[in-house]
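Per-entry structural report
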Amino acid sequence: MRALDRGSVSVQPPMHRTVVIGIGNLDRGDDAFGRIVAARLRGRIPEHVSLFEEDGEATALLDRLGDADAAILIDAAISGGEPGQIRRFDAACEPLSAAKFGMSTHGFGLAEAIELARILGKLPGRCIVYAVEARSFELGAPLSPELARAVDEVLAWVIAEANE
Amino acid sequence: MARKTIKVDNLARVEGEGALTVVIRDNRVRSAELRIFEPPRFFEAFLRGRAYSEAPDITARICGICPVAYQMSSVHAMEDAFGITVGGQVRALRRLLYCGEWIESHALHVYMLHAPDFLGYEGALEMAKDHGDVVKRGLALKKAGNDLMGVIGGREIHPINVRVGGFYKAPLKRDLIEVAEALKRARDIAVETAHWVAQFDFPDCTRNYELVSLHHTDEYPFNEGRIVSNRGIDITAHEYDQHFEEQHVPHSTALQSRKRDDGGTYLVGPLARYGLNFERLSPLAKDTAQSAGLGHVCMNPYQSIIVRAVELVYACDEAIRIIDEYERPDQPNVAVVPRAGTGYAATEAPRGLLYHRYHLAHDGTILHAQIVPPTSQNQATIEEDLTTFINAWLDLADTALRHRCEQTVRNYDPCLSCATHFLDLRVDRG
């Protein structure tokens, strides 16, 4: 049997374009969380969902968000809660709180990317943020035990949402 | 005695974390101290015992916005130790990659971090509400740099295609031609950017800086050249440590660089490169500088935003030229044979001279690493700018004065996460 020539197969365009972005810095303690989740997501989300790792610089994030209909972002944040606590919100419906997200470039990171996208009319209609409470962004430190324990739970949530 | 204290807990729009205290007594600025919290030498320690080949990837992680600079200084230093010279198209590709980083970094700083200071906004978000088209223009310019970096470096957070001896893989000409089209549009935007920022209101603040940058006989410097100054320094990277030293200062965990001979400060970065290399700019970049009102030398740090815009024009122009002349090399790297020794290199990061030195064992294991980022070199100069310029604004209300202090620091686009880290700003009026 001849193999299908994929180039000639007519396929329906995907209904929407979803991006999943794990944000952080692998050298900065709990800031690695989003990147670790993203690495573990490889091969576990549908092919039409684009998966990226980013360091959190706002304009690079804006590029990723700008073409998407739906986005799922995973990042560590310090907001005064219990380390390892997982929060989920849809940034398309509400502005991001003043939580301090990871060690973004020039203090210009995830929160700024989302608000800039909103102002410029580039925010996806659905923009889910998983923010896990970090204990420390210390250079060279490993992931705190509370955050290491949160990886599997966030992974499960993101896989479920990416398959919706 | 007139006494006043101004405190700013977070100095925004600079890379990294630190603190700044400005002390004012009897209506004069008595001192300005930039304090830095981060353990500054983490990466130098981290490199010890690693293979020479790991240095480009490890050092690229030091800074989110200038990974190429760290990669380039590290590979040149290793090649210096091993007696390797990289030429031809591989050398040109390195310049091209550096163009991408300058475009990204300067576009980010000019539009998102520095322009709000001149237009009276708290930051890029507030500016975008009134000037959405301007912000989109800046984003388009930056994206041309991203795309160029992606084609040469690989589409990861930092380029993964750089190695000692060259690249793992040379890009295809057709992929570069595609980027060149975007770069031509970016070049137009860069010219427009220079004319736009030239209209800003600049304080009349100049100092007689000692400018230090690379200088090359026939090109505007990125990767290679002698280290020169406007007061007679003219040395190779091998002699860097004989002329400059890093000192501990009591108020900071970061090291500050000074000249060894007289303990004086010096300035690296766009103003230094421009002032020492004006003749090496492309004709379009020179014309843009002239039409933006710059002379051949600029000693007003507040006008560094114009110089960055001129360098944006140059980086786009140079990238287009390199792509035009590009022929894909058969071999994307030269053979590397490690040997024991010491390697030295300095390249021009967007923020200025970035010096690396490595002591290597016979098998290329790193025994010792020294990294002197541009912000360490500018730190003492930033403090002097504050003690000099802020006196003229002491009658301003605290908020406005604080803003002037922040703006004065931001003139340098300081990368405090390279020097080390982020700012809590205090103005102490007594």
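Residues numbered from 1 in each chain as written. Chains lettered and ligands numbered in written order. Predicted model: local features only at pLDDT ≥ 70, side-chain atom pairs only at ≥ 80, totals over all residues.

Moving on: the overall build of chain A. When you go through chain A residue by residue, the secondary structure sums to four helices and six strands. The 164 residues of chain A split such that 49% are buried. Long-range contacts, defined here as pairs at least 24 residues apart, represent 79% of the contacts in chain A between residues at least 6 apart. (Helix = DSSP H or I, 4+ residues; strand = E, 2+ residues; numbered from the N terminus. Buried ≥ 20, exposed ≤ 12 C-beta atoms within 10 Å, placed from the backbone. Contact = placed C-beta atoms within 7 Å.)

Often, the extent of an interface is quoted as the loss of accessible area on bringing the components together. With 20 residues of chain A in contact, the opposing surface of chain B contributes 25 residues. Elements with a minimum of two residues in the side of chain A that touches chain B: β2 (49-54), α2 (58-66) and α3 (110-119) of chain A.

The relative placement of two packed helices is expressed as an angle between their axes plus a distance between the axes. Residues and elements named next belong to chain B. Between helix α7 (residues 173-198) and helix α11 (residues 304-325), the least distance of the axes is 8 Å, while the angle of their chain directions is 160°. It follows that α7 is roughly antiparallel to α11 by the angle criterion. Viewed along their axes, α7 and α11 form a crossing whose handedness is left-handed. Classifying every residue of the contact of α7 with α11 gives 20 nonpolar, one polar and three charged. (Axes fitted to C-alpha atoms, helices over the stretch in contact; angles between N-to-C directions. Parallel < 35°, antiparallel > 145°, perpendicular 65-115°, else oblique. Left-handed = near helix turned anticlockwise from the far one by under 90°. Nonpolar A, V, L, I, M, F, W, Y, C, P; charged D, E, K, R; others polar.)

In terms of strand pairing, strand β12 (residues 352-360) of chain B meets strand β13 (residues 366-372) of chain B through six bridges, oriented antiparallel. Each residue of the ladder has a partner; that of Tyr358(B), found in β13(B), is Ala369(B). (Pairing = 2+ DSSP bridges.)

Moving on: the confidence of the model for chain A. On average, residues of chain A score 85 in pLDDT, and 84% of them reach the 70 mark or higher. A low-confidence stretch, residues 1-11 of chain A (pLDDT under 50), is modelled with one contact involving residues beyond four sequence positions or located in other chains. (pLDDT = per-residue confidence, 0-100.)

Moving on, we get to the packing of helix α12 (residues 374-389) of chain B against helix α13 (residues 398-410) of chain B. Residues and elements named next belong to chain B. Where α12 meets α13, the axes come as close as 9 Å, and the angle between the chain directions of the two elements is 145°. For the pair α12 and α13, the crossing hand works out as right-handed. Across the interface between the two elements, Ile382, Asp385, Leu386 and Phe389 of α12 pack against Cys405, Thr408 and Val409 of α13. Its residues assigned to classes, the contact of α12 with α13 shows five nonpolar, one polar and one charged.

On to helix α1 (residues 33-41) of chain A, then. All names here are of chain A. Burial runs high along α1: seven of the nine residues are buried. Residues of α1 that are buried include every one of Phe33, Gly34, Arg35, Ile36, Val37, Ala38 and Leu41, and no others. Those residues of α1 that are buried are in contact with β1 (18-23), β2, β3 (70-78), β6 (126-133) and α4 (145-162). Two residues or fewer past α1, Gly43 is found with a positive phi of approximately 80°.

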